[in-house]
Structure formats: structure tokens, C-alpha cells
Amino acid sequence: LLVKRPSALSPEFQPDGAISLEKSESLINRAVEEGVIRFDWVHQTKTGSAVPVEVILTPIVLEGRRVLFVVWHDLTERVASEQSLINSEQQLRALFNGTNIPLAQIGFDGILRQINPKYTEVLGYEFDDVSTLEKWRNRAFPDPGYRQRNIEKWNTEVLSAQKNNRDIMPEEYVVTCKNGDVKRFIFSGRVMSDSLLVSLVDVTETRRAEDAMRAAKEMAEDATRAKSDFLANMSHEIRTPVSYTHL
């Protein structure tokens, strides 16, 4: 080790694509000129395994000579932890974007953090259309009275969910989409550390089917009542004697 330069203990290239030999020489010169410097580096073990380290270079005078005092901190665990976090975030984002129901993340400050592709597909709104909670409410609930009732109902439910450490309970709302269509959605969600994750389940067709079934049932009941009334009248006529008047 005493006769080797840092680049000899490193892979040919660093993670940023720089050639280890050229980059190490540049950092050494910088330390000599500027004093103490700190940077991340990747060394290589005798078996060829990569070892991420934090390097601190400090110019000192030793026995009348200027030399560099080097300290290495092994960053293997930190790098593994950071990579695990990156992988987890990528998985969550893939899940968020791939979910087949509209999702929105809204900060406690009322600023929209993100929406998934299904949100735009179902409601038509792009991110910029509803980038704040106020913009969303004005467009989704154009009627001022209905909007105010929804705001009060939603805020009450969110506060209750925060207080009781539970999810936001499902509630149905009538929403105006970007193209003017009016749809019914079940809103629910989860309170996170600094934001709300809200899901919207479209129940428009379900409600239409229910309304159609209800109307069909009422028509059938009306027909049954009419039939019963008719039969009752017929029965009455049959039992009532007919009197004839002869001229």
C-alpha cells in the first residue's frame, strides 16, 4: 500500500464516469492547494469487490515534509440503506402510477403533490388544472353551496381521522369532470406525515344501474297495483246483478 497511488486501489472508473487515475490526481492537487477536502469515492478490494468510502484529505507536515493525511470511512451500510430507500420509492411510485383507480396526494398546505395517470383518464384534469386544493374544489364543485357543504364535510372527516389515527372513511361526492360530465365518486384516503393520499372510486354506472332497477321495480309495483285494482273492479261487476229495463 505504501507504494501504491489511490487509483491503483480503485476500479478504472468512478460511478460518475470519471477515470479514477485522473480524478484522484485532481483531488490530491486540490487538497494541496485548498486544504482539507471531503468526498465520496469507490475503492476496490483485492478480490475486485467495490467498496464505497468517504475520503478526507488533510495536508500536514511530517518530519519536515508536506504529506496528505488520509481518512477513509466505510460507507457500505449507508449506500446499501440509500439504495434500499431508492428501490422502495421506485416500487411505491410504480404502484401509485399503475393503480387502476384515480389517486391524488395533497399536502397539508393545500398544494397537490402528484396524481396518477388513471386520475387524468377518468376525470380529465391534468396536474396544472388542479395544482391546489382550491383550484380542484372550484372546478369539481362549481355550485358554491354544494362546494361549501363538501368542504365542511371533508375537513371534519380529515380532522377526525387525524385525531383517531385512522383512515379517511369513504364518502360519496358528485364531481364535475373537465369535459363537463357529472360523475359520482366514493372518496377515501389515508393521512400521512405531511399529506393526504386520496382515492376516488367511480360509482356513476353503479348508481345509474341502481336507479334503473329502482325505476323498474316501481313500474312493476304500479302495474301490479293496476292489475289488482282491475281484477277487484271486475270481480265487483261480476257479483253485482244486472237489472234490465224493458221499454
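Residues numbered from 1 in each chain as written. Predicted model: local features only at pLDDT ≥ 70, side-chain atom pairs only at ≥ 80, totals over all residues. Heavy atoms only, no water.

### Details of the environment of G35
How we decide: Numbering goes from the N terminus for both helices and strands, where a helix is a DSSP run of H or I of at least four residues and a strand is a run of E of at least two. Any two residues whose heavy atoms approach within 4.5 Å are treated as being in contact.
Along the chain, G35 turns up in the loop between α1 (20-34) and β1 (37-44). Between the alpha carbons of G35 and I60 there is a distance of 9.1 Å; along the sequence they are 25 residues apart. Those residues in contact with G35 that lie beyond four places of it in its chain are R30, L57 and P59.

### Examining the nonpolar core
Operational definition: Think of a nonpolar core as a cluster: buried Ala, Val, Leu, Ile, Met, Phe, Trp, Tyr and Cys residues, connected wherever their side-chain atoms sit within 4.5 Å. Classification of residues uses two cut-offs on accessible area relative to the type maximum, computed with a 1.4 Å probe and protein chains only: under 20% is buried, over 50% is exposed, and between them is partly exposed.
Judged by nonpolar contacts, the single largest core of 23 residues is most densely connected at Y119, L123, W136, W154, V175, F187 and L200. If you list the elements that add at least two residues to this core, you get β4 (103-107), β5 (112-115), α3 (117-123), α4 (133-140), α5 (144-163), β6 (168-176), β7 (182-191) and β8 (195-202). The residues touching F187, leaving out its near neighbours within four places in the chain, are W136, W154, M169, P170, E171, Y173, V175, V198, S199 and L200. Counting residues in each nonpolar core, the second largest holds 10 residues, with I37, W41, V53 and L57 among its members.

### Looking at the side chain of S24
Mapped onto the elements, S24 comes out in helix α1. The exposure class assigned to S24 is buried, which follows from its relative accessible area of 4%. Filtering out sequence-adjacent residues up to four positions away, S24 remains in contact with P6, S7 and W41.

### Brief notes about the sheet that holds β4
What holds strands together in a sheet is hydrogen bonding between their backbones, with the strands either parallel or antiparallel. In plain terms, the rule: A strand pair is defined by DSSP finding two or more bridges across the two strands. A fitted line through C-alpha atoms serves as each axis, taken over the contacting stretch for helices, and the angle formed by two N-to-C directions is quoted from 0 to 180°.
One open sheet accounts for 5 strands, arranged β5-β4-β8-β7-β6; its pairing is antiparallel. Looking along the sheet, the strands with just one partner apiece sit at the ends: β5 and β6. With direction set aside, neighbouring strand axes in the sheet form an average angle of 25 degrees. By the bridge criterion, 7 bridges tie β6 to β7 in an arrangement that is antiparallel. Its bridge partner lying in β7, V174 is registered against R184. Along the sheet, helix α2 (residues 76-98) makes contact with β4, β5 and β8, crossing β5 at roughly 70 degrees.

### Observations regarding the layout of surface pockets
Where we set the bar: Only protein atoms enter the 1 Å grid used here. Points where a 1.4 Å probe fits but cannot escape make up a cavity, open sets with protein on both sides within 12 Å along at least five of seven lines make up a pocket, and a residue lines them when an atom lies within 4 Å of a point. Grid points are joined across faces, edges and corners, and a volume is the space filled by probe spheres set on the points. Classes in brief: Ala, Val, Leu, Ile, Met, Phe, Trp, Tyr, Cys and Pro nonpolar; Asp, Glu, Lys and Arg charged; the others, Gly included, polar.
Within this model, the second largest pocket holds a volume of roughly 440 Å³. Lining the second largest pocket are 28 residues, with I106, L133, R137, W154 and L196 sitting closest to its centre. Contributing elements (two or more residues each) for the lining of the second largest pocket: β4, β5, α4, α5 and β8. Taken together, the residues that form the lining of the second largest pocket break down as 19 nonpolar, 6 polar and 3 charged.

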